[in-house]
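Chain by chain, the residues run as shown.
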Amino acid sequence: MSEITAKAFVDITDVVCPVTFVKAKIALEDLDDGEILEIRMNEGEPLQNVPRSLKEEGHRVLKVLNNNDGTYTIYVKKTGLE
């Protein structure tokens, strides 16, 4: 698989739901359609809710990586369907 290159990065490990989704959504708003956002988040509720909510908004979750430290990194491609 080719390497995913993100246009922007947001770390939401320091906030709790629902602010995690809000921060991710705001970061996506700054990108153009087709660009990729890298999001670092804690396991648990953020990992369950943020990717699901972004998919519901029409964006594509390309990859989910376990960082093996209690955090995950997800790559989301912005779509114009929001």
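Keep in mind the model is a prediction, meaning the values are calculated, not measured.

## Thoughts on the sheet that holds strand 3 (residues 60-66)
Consideration 1: Taken in spatial order, the 4 strands make up an open sheet running 1-2-4-3, and their pairing is mixed. Both edges of this open sheet fall to strand 1 (8-11) and strand 3, since each of them pairs with a single strand only. The mean angle between the axes of side-by-side strands here comes to 20 degrees, regardless of whether they run parallel or antiparallel.
Consideration 2: Where strand 1 and strand 2 (residues 36-42) come together, 4 bridges link them in parallel fashion. Across the sheet, the residue bridging to phenylalanine 9 is glutamate 38, located in strand 2.
Consideration 3: Where helix 1 (residues 19-29) meets the sheet, its contacts fall on strand 1, strand 2 and strand 4 (71-77), and the angle it forms with strand 2 comes to roughly 165 degrees.
Consideration 4: Strand contacts of helix 2 (residues 45-56): strand 2, strand 3 and strand 4, with the helix running at about 155 degrees to strand 2, the strand carrying the most contacts.

## Observations regarding the nonpolar core
Consideration 1: Counting residues in each nonpolar core, the largest one holds 15 residues, and the members touching the most others are Ile12, Leu37, Ile39, Val50, Leu54 and Ile74.
Consideration 2: Looking at this core, the elements with two or more residues in it are helix 1, strand 2, helix 2 and strand 4.
Consideration 3: Counting residues per element, this core draws most heavily on helix 1, which supplies 4 residues.
Consideration 4: The contact partners of valine 50, leaving out residues within four places of it in the chain, are Ile12, Thr20, Phe21, Ala24, Met41 and Ile74.

The rules we used
Residues numbered from 1 in each chain as written. Predicted model: local features only at pLDDT ≥ 70, side-chain atom pairs only at ≥ 80, totals over all residues. Heavy atoms only, no water. Pairing = 2+ DSSP bridges. Helix = DSSP H or I, 4+ residues; strand = E, 2+ residues; numbered from the N terminus. Axes fitted to C-alpha atoms, helices over the stretch in contact; angles between N-to-C directions. Contact = heavy atoms within 4.5 Å. Core = buried A, V, L, I, M, F, W, Y, C linked by side-chain atoms within 4.5 Å. Buried < 20%, exposed > 50% of the residue type's maximum accessible area, 1.4 Å probe, protein only.

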